[in-house]
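Each chain, written out:
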Amino acid sequence: MAQTKKMTVVQLTMLTVVNMLGSGIVLLPTKLAQVGAISILSWLVTATGSLALAYAFAQCGMLSRKSGGMGGYAEYAFGRAGNYLVNYTYGTSLLIANVAIGITAVGYLTELFSLQLSPVGVGLMTIALLWITTIANFGGASVTGKIGGVTVWGVILPVVGVSTFGWFWFSPSTYAEAWNPHGLSLLQAASSSVAITLWAFLGMESACANADAVENPEKNVPIAVLGGTIGAAVIYIVSTNVMAGIVSNPELAASTAPFGLVFAHMFTPLVGQIIMGLMVLACIGSLLGWQFTIAQVFKSSSDTGYFLPIFAKVNKAGTPIVAMLILLAAQTGLALLTISPDLTKQFDTLVNLAVVTNIVPYILSMAALMTIQKVAGVPAKKALFVNIISWVAAAYSYLALYSSGTEALMLGGVATIVGFTLYGFVSTRMLRLDQERAAAGHADGTTAATATSHTGNAA
């Protein structure tokens, strides 16, 4: 009975594609237009690196016997400190990414309603969206998932639509003029947009979380992860490049609502406004879900002892409201600190910083894969192949770090180092929990060694 309810490999692949699409692509055409259509080289580099990451994560998910996703993977090689650092940097990345999603929604809102906002006005509207979507989650998760399942089509329909029908309006001469407006070399073009294109693939690792819900997971999870990543890559590459041949490069590069602009060129301004409205709803729905998700990430990490206990407090509906308010305060400060006269530059700053902090868990997970395979008893020949893939994924991750820019690297590095300081507080709590578990073990008649062994396995 339970077997009939499991997803097929096709269903899991589609779920993977939808999870990656989200709101990540909404402002990407503008950013890529600022480089030129030659940024397709960045897409190809990112698609290759993302496939390597996706395959390595699929292997981690199938072999790891520790809970906690990427934190559990890192623990194999780096112990509790690695688990904590993954949780901390991943949570920090989501916190930053949510502000970027808010900026995306504001960009489309200003175009939709022809608003002329000052940089401070943009910041305040972003903060208002963050507050609204956080407060909307206070009642629990029962409605949030349903809303996200509907609003995500506000992104999927325009992206798939322009990829399919946009070719009827595609102009080779317009595309040729947009190819390399700044005279970049091939190396510069390939690396200039790696961080911003990786932003579109963030979340690929979440596909492994559904391993228990799919038929024959050992075979189908890697197929779904790789198939989903390839599918998303094709959609991303086709949609952004066909748009470069519909609207002139200067116009696309200056737009804060590129999909609305393109659909207005393809059809009428009214259609463009409808597309902008759909994307605003998609961004708000995505932000609603991610605001809840980030609070749950901090709560679950607090439950296991890696974050401070205050993040684990919940109301009667099981919602970590205190965690939401603390994170909301941090997001409010971040939105104010990144205010820029150019909305796309503000978005770019946040995306690069989110990518830098998110790559830390990627690198730790890739490094731990060798240990995970050793513990799982993977045959040497297969382990070598998987290790080579993980090294390619790690090399790509370092390239993405480099292409994020010195400012993002500096700020991301500072944020990571602050995490080590905070671990000093967390480690004392973990020590206390170990002592309590050991004491409970003694009370049950077990030896201290057995209690300690059980504690290590649970961590």
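Since we're looking at a predicted model, the values are computed, not measured.

Caption draft 1: Representation of the overall build of the protein chain in the model. The secondary structure content of the protein chain amounts to 19 helices and zero strands. Since a compact globule built from 459 residues should have a radius of gyration of about 23 Å, the 23 Å found for the protein chain is in line with a globular shape. The buried share of the protein chain, taken over its 459 residues, is 55%. Considering only contacts in the protein chain between residues 6 or more positions apart, those separated by 24 or more positions represent 82%. On the protein chain, roughly 19,400 Å² of surface is accessible, and the fraction owed to carbon and sulfur atoms is 69%.

Caption draft 2: The arrangement of the layout of surface pockets in detail. Its volume calculated, the second largest pocket comes out at about 650 Å³. Contributing to the lining of the second largest pocket are 28 residues, with Tyr88, Thr92, Leu95, Ala330 and Ala415 lying nearest its centre. Counting only elements with at least two residues in the lining of the second largest pocket, the list comes to helix H4 (70-112), helix H15 (321-337), helix H16 (343-376) and helix H18 (406-443). In terms of residue count, H18 provides more of the lining of the second largest pocket than any other element does, eight residues in total. Looking at the lining of the second largest pocket residue by residue, the classes come out as 23 nonpolar, four polar and one charged.

Caption draft 3: Quick peek at helix H13 (residues 258-266). Counting buried positions along H13 gives seven out of nine residues, so the element sits mostly inside the fold. Along H13, the residues classified as buried are Pro258, Phe259, Gly260, Leu261, Val262, Phe263 and Met266. Where the residues of H13 are buried, they touch helix H2 (28-33), H4, helix H7 (153-165), helix H11 (217-244), helix H12 (249-253) and helix H14 (269-303).

Caption draft 4: Quick peek at the pattern of salt bridges. All chains considered together, the criterion is met by three salt bridges. Linking Asp348 and Lys31 is a salt bridge whose minimum nitrogen-to-oxygen distance equals 3.1 Å. With Asp348 in helix H16 and Lys31 in helix H2, this pair connects stretches of sequence that are 317 residues apart. Across the pair Lys299 and Asp303 runs a salt bridge, and its minimum N-O distance is 2.7 Å. Placement of the pair is Lys299 and Asp303 together in helix H14, with a separation of four residues, close to one helical turn.

Caption draft 5: Fine view of the environment of Asn83. Mapped onto the elements of the fold, Asn83 is located in helix H4. The sequence separation of Asn83 and Gly72 amounts to 11 residues, and the corresponding C-alpha distance is 6.0 Å. Excluding anything up to four places from it in sequence, Asn83 contacts Gly71, Gly72, Ala74, Glu75 and Tyr306. Within polar-contact distance, the side chain of Asn83 engages the backbone oxygen of Gly71 at 3.4 Å.

Caption draft 6: Empty space enclosed by the protein, seen in detail. Across all of its chains, the model carries one cavity of 30 Å³ or more by this definition. In this model, the largest cavity occupies a volume close to 110 Å³. Elements with a contribution of two residues or more to the lining of the largest cavity: H2, helix H3 (40-63), H11 and H12. A class-by-class count of the residues in the lining of the largest cavity yields nine nonpolar, five polar and no charged.

Caption draft 7: Structural detail: a nonpolar patch on the surface. A grouping of Leu308, Ile310, Val322, Ile326, Met410, Leu411, Val414, Val418, Leu422 and Phe425 is seen on the molecular surface, where their side chains present a nonpolar patch of about 810 Å² in accessible area. Secondary structure elements with two or more residues in the nonpolar patch: H15 and H18. Mapped onto the fold, Ile326 is located in helix H15.

Caption draft 8: Local environment of unusual backbone geometry. In the Ramachandran plot, Ser114 falls in the positive-phi region, its phi being about 50° despite a non-glycine side chain. Examined against the element boundaries, Ser114 turns out to sit in the loop between H4 and helix H5 (119-135). What makes Ser114 exposed here is its relative accessible area of 59%.

Cut-offs used in this document
Residues numbered from 1 in each chain as written. Predicted model: local features only at pLDDT ≥ 70, side-chain atom pairs only at ≥ 80, totals over all residues. Heavy atoms only, no water. Helix = DSSP H or I, 4+ residues; strand = E, 2+ residues; numbered from the N terminus. Rg over C-alpha atoms; globule rule 2.2 N^0.38 Å. Buried < 20%, exposed > 50% of the residue type's maximum accessible area, 1.4 Å probe, protein only. Contact = heavy atoms within 4.5 Å. Areas by Shrake-Rupley, 256 points an atom, 1.4 Å probe, with all protein chains shown as cover. 1 Å grid on protein atoms, 1.4 Å probe; cavity = no way out; pocket = protein on both sides within 12 Å on 5 of 7 lines; lining within 4 Å. Points joined across faces, edges and corners; volume = space filled by probe spheres on them. Nonpolar A, V, L, I, M, F, W, Y, C, P; charged D, E, K, R; others polar. Salt bridge = Lys/Arg side-chain N within 4 Å of Asp/Glu carboxyl O. Polar contact = N/O pair within 3.5 Å; in protein donor to acceptor, adjacent residues only side chain to side chain. Patch = residues over 30% accessible without salt bridge, like charges linked within 9 Å, V, L, I, M, F, W, Y side chains within 5 Å.

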